[in-house]
Amino acid sequence: MRKKILTAVCIFSMLLLCCCTSKETETMETKSIGTITFMNSVSDADVWILADTEANRKTTLWGTATVSKITKGESRQAPLCEPGDEGLYMFRMIDTDKYYYSADHIAIKDGWTVEIKGEELHLITIEVTDGNGDPAGTYEVFAARL
């Protein structure tokens, strides 16, 4: 009898976990307002470019990667979501060696190019250029092993 009750509780718990959705996950789903070119000059990785909001800065649930499985030296078109506070974005990247990269308060617009570059962890930057190829900003990137 005790075994049956324990089994029933386990099944009920699994059903609850499978049927519930996280509010944090729901907030990450946004519509695209344009595209950017993302260039990866650092390491094979998954990349998230998100609205720079207080809620997004406090979570580690970023949803589907903006650019999945991009290799070093590769360039891809990526969707651009609505910007966050003050029209800015935040950048998150996790590479195949389990290094984490992070930068906040990045100005990006539709049609611009975003490139992550650098050879050493303490010298990684994001360089943003506008639609004409003119520099629009350089941002320091925090990098560390997970």
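This text goes with the structure placed above it.
Residues numbered from 1 in each chain as written. Predicted model: local features only at pLDDT ≥ 70, side-chain atom pairs only at ≥ 80, totals over all residues. Heavy atoms only, no water.

Colleague: Now, about the environment of A144: what can you tell me, with residues and values included?
Modeller: Assignment of secondary structure puts A144 in strand β10 (residues 142-145). On the basis of relative accessible area, A144 is assigned to the partly exposed category, the value being 23%. If we skip the residues at most four places from it in the chain, A144 touches K98, Y99 and Y100. (Helix = DSSP H or I, 4+ residues; strand = E, 2+ residues; numbered from the N terminus. Buried < 20%, exposed > 50% of the residue type's maximum accessible area, 1.4 Å probe, protein only. Contact = heavy atoms within 4.5 Å.)

Colleague: Please set out the pattern of salt bridges residue by residue, giving values where relevant.
Modeller: Inspection of the entire model under this criterion finds eight salt bridges. Between D85 and R57 there is a salt bridge; the shortest N-O distance is 3.5 Å. Linking D85 in the loop between β4 (75-81) and β5 (89-95) with R57 in helix α3 (residues 54-57), this pair joins segments that are 28 residues apart in sequence. For D85, a relative accessible area of 39% corresponds to the partly exposed category. (Salt bridge = Lys/Arg side-chain N within 4 Å of Asp/Glu carboxyl O.)

Colleague: Which residues make up the nonpolar core, and what are the values?
Modeller: In this structure, F38, F91, Y101, I108, I116 and I126 are the most contacted members of the largest nonpolar core, which totals 28 residues. For this core, the secondary structure elements donating two or more residues are β1 (32-41), β2 (45-51), β3 (67-70), β4, β5, β6 (99-106), β7 (113-117) and β8 (125-129). Tallying contributions element by element places β2 first for this core, with four residues. Among all residues touching Y101, those that are not within four sequence positions of it are V42, S43, F91, R92, M93, D95, I116, L121, I124, V141, F142 and A143. (Core = buried A, V, L, I, M, F, W, Y, C linked by side-chain atoms within 4.5 Å.)

Taken by themselves, the reported measurements are silent on function.
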